[in-house]
Amino acid sequence: MPELPEVETIRRTLLPRVVGRRIADVEVREPRLRRRIPPSFAARLVGQRIDGIERRAKYLLFRLASGDAMVAHFGMSGTIVIHDAPAAPGQHDHVRLRLSDGSELVLNDPRRFGLLLLVSPGEIEDLPELRHLGDDPLQGDIRADRFAAALRRSRRPIKNLLLDQTVLAGMGNIYANEALFRSRIRPTRRAFRVRVAEAEDLLRAIRQVLREAVDLGGSSIADYRDGNGRPGYFQLRLQAYDRAGKPCVHCGATIRRVVQSGRSSFYCPKCQH
DNA sequence: AAATGAACCTGTTTGC
DNA sequence: TGCAAACAGGTTCATT
């Protein structure tokens with residue numbers, strides 16, 4: 001579910017409600033996520049103060065006063081919501097963190113593809129999950145020529161390359177499709193066939209679509225919710241994703257769906273080449 | 001060695 | 001109507 005804009009929205013909504021609070025109690029109701037949550041998790045977390053939340057691509061790092069970090073990833077169906085007061089746990093509420101002000105952070109993830117780790121300061125930069133991440137399109141300065149060079153080196157379809165988190169990190173299926181639609185590049189085109197000027201356009205489109213999606217609080221296709229339990233609104237602006245059979249907003253041609261490496265791609269056969 | 005497909009899960013939608 | 005298949009926002013591992 002959550003791609004960069006959704007994860008950033010969760011970060012922003014949680015931030016003012018957790019910073020400065022201590023973790024008073026931890027309940028792991030279901031430890032079997034992508035990696036099993038170890039028995040030591042709860043005890044190590046209790047008593048720690050949350051100093052901030054950092055985002056790296058689709059990961060959130062809850063910075064703790066001790067220097068430790070709680071790293072969260074939401075897989076396809078996960079989210080973290082904060083409640084003013086403890087509520088009865090719902091289905092798939094796997095981890096509950098009670099904070100010092102009486103509020104409660106809840107990790108919910110029906111498919112359990114998500115991840116929750118507690119790492120000590122020395123381990124953070126060595127985490128395999130974080131170490132291989134490419135540039136975050138909304139952080140730092142990505143050089144367009146470096147991006148173009150990466151495309152030139154690859155024979156795979158451009159869409160697959162955009163989903164590969166080691167090149168650019170943060171895009172998923174929705175925003176890869178949207179960025180390609182905006183830059184009029186067909187998802188099936190091999191990356192090395194994308195011209196330098198087109199690569200520059202594509203990078204601009206990627207940043208633009210991600211920024212707009214963050215501004216609208218992400219996309220709620222089925223059940224995504226932010227840290228306050230509220231939906232995003234970018235799904236109303238989707239021009240390609242999940243629009244197979246519908247008319248292209250530019251030319252009226254029928255949007256097509258193809259499957260690439262097991263993921264759906266959507267494109268306008270007339271606008272995108 | 002890059003690149004594809006299967007696997008990991010549960011829930012919802014689609015099609016016969 | 002009912003049931004099975006297909007599909008879903010992601011990542012990782014095994015296999016070509």
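All values reported here derive from a predicted model rather than from experimental measurement.

**Structural notes on the nonpolar core**
General note: in soluble globular proteins, nonpolar side chains tend to be found buried as a group.
(1) Moving on: F147, I158, L162, L202 and I206 are the most contacted members of the largest nonpolar core, which totals 37 residues.
(2) Moving on: Looking at this core, the elements that each hand over two or more residues are α5 (144–152), α6 (158–163), α7 (173–182) and α8 (196–215).
(3) Moving on: It is α8 that contributes the most residues to this core, 8 residues altogether.
(4) Moving on: Among all residues touching F147, those that are not within four sequence positions of it are L162, L168, A199, L202, L203 and I206.
(5) Moving on: Within the second largest apolar cluster, 29 residues are counted, among which are I53, F62, L97 and Y224.

**Quick look at the protein's contact with DNA strand B**
(1) Moving on: All residues adjacent to DNA strand B are Q91, H92, P110, R111, R112, F113, S154, R155, R156, P157, N160 and S261.
(2) Moving on: Take Q91: an N or O atom from its side chain is 3.4 Å from a phosphate oxygen of DNA strand B.

**As for the pairing of strand β3 (residues 59–64)**
(1) Moving on: Burial runs high along β3: 5 of the 6 residues are buried.
(2) Moving on: Sheet topology places strand β2 (residues 50–56) next to β3; 6 bridges connect them, and they run antiparallel. Across the sheet, residue I50 finds its bridge partner in β3, namely L64.
(3) Moving on: Hairpin geometry of β2 and β3 is characterised by an intervening segment of 2 residues between the two adjacent antiparallel strands and by a positive phi of about 50 degrees at A57.
(4) Moving on: Sheet topology note: the β3/strand β4 (residues 69–73) ladder contains 5 bridges and is antiparallel. Note that in β4 the partner of L61 across the bridge is V71.

**Here we look at the pattern of salt bridges**
(1) Moving on: Following the criterion strictly, the structure yields 21 salt bridges and no others.
(2) Moving on: Note that D145 and R143 form a salt bridge whose closest N and O atoms lie 2.6 Å from each other.
(3) Moving on: On the basis of relative accessible area, D145 is assigned to the partly exposed category, the value being 42%.
(4) Moving on: Through salt bridges that share partners, E8, R11, R12, R55 and D136 make up one connected network.

**Some remarks on the environment of L118**
(1) Moving on: Following the sequence through the fold, L118 ends up in strand β8 (residues 115–119).
(2) Moving on: Note on L118: relative accessible area 11%, which makes it buried.
(3) Moving on: Along the chain, L118 and R44 lie 74 residues apart, while their C-alpha atoms are 8.2 Å from each other.
(4) Moving on: Not counting chain neighbours up to four residues away, the residues in contact with L118 comprise F41, R44, L45, L64, D68, A69, M70 and E123.

**Comments concerning unusual backbone geometry**
(1) Moving on: Positioned with a positive phi, A57 is a non-glycine residue whose angle comes to about 50 degrees.
(2) Moving on: Even without glycine at this site, R112 takes up a positive phi of about 60 degrees.
(3) Moving on: Mapped onto the elements, R112 comes out in the loop between β7 (104–108) and β8.

**Comments concerning the domain arrangement of chain A**
(1) Moving on: Partitioning chain A into structural domains gives domain 1 (4–131) and domain 2 (144–267).
(2) Moving on: Using only C-alpha atoms to locate each centre, domain 1 and domain 2 end up separated by 28 Å.
(3) Moving on: Domain 1 puts 16 residues into the contact, and the matching count from domain 2 is 18 residues.
(4) Moving on: Across the domain 1 to domain 2 interface the summed buried area is about 1,400 Å²; carbon plus sulfur atoms make up 61%.
(5) Moving on: Linking domain 1 with domain 2 are 0 salt bridges.
(6) Moving on: Applying the counting rule to domain 1 against domain 2 returns 9 residue pairs in polar contact (both at pLDDT 80 or more).
(7) Moving on: For the side of domain 1 that touches domain 2, the elements supplying multiple residues, two or more each, are α1 (4–18) and β5 (79–83).
(8) Moving on: Tallying contributions element by element places α1 first for the side of domain 1 that touches domain 2, with 10 residues.
(9) Moving on: The residue makeup of the side of domain 1 that touches domain 2, split by class, is 8 nonpolar, 3 polar and 5 charged.

Procedures and definitions
Residues numbered from 1 in each chain as written. Chains lettered and ligands numbered in written order. Predicted model: local features only at pLDDT ≥ 70, side-chain atom pairs only at ≥ 80, totals over all residues. Heavy atoms only, no water. Core = buried A, V, L, I, M, F, W, Y, C linked by side-chain atoms within 4.5 Å. Buried < 20%, exposed > 50% of the residue type's maximum accessible area, 1.4 Å probe, protein only. Helix = DSSP H or I, 4+ residues; strand = E, 2+ residues; numbered from the N terminus. Contact = heavy atoms within 4.5 Å. Near = heavy atom within 4 Å. Polar contact = N/O pair within 3.5 Å; in protein donor to acceptor, adjacent residues only side chain to side chain. Pairing = 2+ DSSP bridges. Salt bridge = Lys/Arg side-chain N within 4 Å of Asp/Glu carboxyl O. Domains from an automatic or database assignment. Buried area = accessible area lost by both parts, 1.4 Å probe. Nonpolar A, V, L, I, M, F, W, Y, C, P; charged D, E, K, R; others polar.

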